[in-house]
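Residues per chain, in single letters:
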Amino acid sequence: MEKIAIYPGSFDPVTNGHLDIIERGLKIFDRIIITILENPAKELLFTVGERIELLKQALEDYSNIEIDSYDGLLVDYAWKRNAHAILRGMRAVSDFEYEFQMALMNRRLNREIQTVFLMTGLRWIFTSSSIIKEAAKFGGNIESMVPPVVQKKLEQKFNQSLGDNDPG
Ligand code: PNS
């Protein structure tokens, strides 16, 4: 039987840390479905359409992956897609409580679906979409942390909003 994992997240935007987890996840699973879901706690920069497009471009050389979005519970989506695993990356200690809580809630909602954690590669241990967005907003160089297509899009987004505020 094909081993399928759902790799869920906000992906606002996809980072090299995410790509590292996908690459390593593909050594365990036959197929990974990367799914954008809603995290009500997050303020977003990109629309779902933009985030899907960035994922598609960043992952164009990868096989055995699929990119999707879903409006609802993660375990319901996993069940519908016949996936028995949720893949999550774990960074520094600060991630632990949130991830633990989410994994336990998901298990309570559907005991047939297991959460599998991969430790983030050391290079990406302190990178997150949020901190990258903040650095990019103030003109920081984020080149080594995101795929080139994301770097370009972030630059466009922030130049555009600077332009919007420019009184002329
Ligand atoms: O990249 P993120 O923001 O840490 O990902 C969190 C995400 C989107 C995976 C999580 O918020 C989620 O699963 N949202 C869908 C609703 C859901 O099933 N929540 C968990 C159980 S209450």
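Residues numbered from 1 in each chain as written. Predicted model: local features only at pLDDT ≥ 70, side-chain atom pairs only at ≥ 80, totals over all residues. Heavy atoms only, no water.

Attention now goes to the sheet that holds strand β3 (residues 65-69). The parallel open sheet is built from 5 strands, whose spatial order is β3-β2-β1-β4-β5. With partners counted over all chains shown, the strands left at the sheet margins are β3 and β5 (114-119), one partner each. The average undirected angle you get between the axes of adjacent strands in this sheet is 30°. Pairing between strand β2 (residues 31-36) and β3: 5 bridges, direction parallel. Counted as the bridge partner of Ile 34 is Ile 67 from β3. Running over the sheet, helix α1 (residues 16-25) touches β1 (4-9), β2, β3, β4 (85-90) and β5 and is turned about 115° from β5. Contacting β4 and β5, helix α4 (residues 96-109) crosses the sheet at an angle of about 175° to β4. (Pairing = 2+ DSSP bridges. Helix = DSSP H or I, 4+ residues; strand = E, 2+ residues; numbered from the N terminus. Axes fitted to C-alpha atoms, helices over the stretch in contact; angles between N-to-C directions. Contact = heavy atoms within 4.5 Å.)

As a further point, take the nonpolar core. Grouped together as the largest cluster of nonpolar side chains are 27 residues, with contacts concentrated most on Tyr 7, Val 14, Ile 34, Leu 55, Leu 87 and Leu 154. Secondary-structure elements contributing two or more residues to this core are β1, α1, β2, α2 (48-58), β4, α5 (129-137) and α6 (148-165). Here this core gets 4 residues from one element, more than from any other, and that element is α2. If sequence neighbours within four positions are ignored, Ile 34 has contacts with Tyr 7, Phe 11, Ile 22, Leu 55, Leu 59, Ile 65, Glu 66, Ile 67 and Asp 68. Core analysis: the next-biggest nonpolar cluster, separate from the first, contains 11 residues, Ile 6, Ile 33, Val 75 and Ile 113 among them. (Core = buried A, V, L, I, M, F, W, Y, C linked by side-chain atoms within 4.5 Å. Buried < 20%, exposed > 50% of the residue type's maximum accessible area, 1.4 Å probe, protein only.)

Glancing now at the pattern of salt bridges. Counting across every chain of the model gives 11 salt bridges. Arg 31 serves as the salt-bridge partner of Glu 2, at 3.3 Å between the closest nitrogen and oxygen. Of this pair, Glu 2 sits in the segment before β1 while Arg 31 sits in strand β2; the two residues are 29 residues apart in sequence, bridging distant segments of the chain. Look at Glu 2 and you get partly exposed, because its relative accessible area is 39%. Lys 133 is paired through a salt bridge with Asp 12; the nearest N and O atoms lie 2.6 Å apart. (Salt bridge = Lys/Arg side-chain N within 4 Å of Asp/Glu carboxyl O.)

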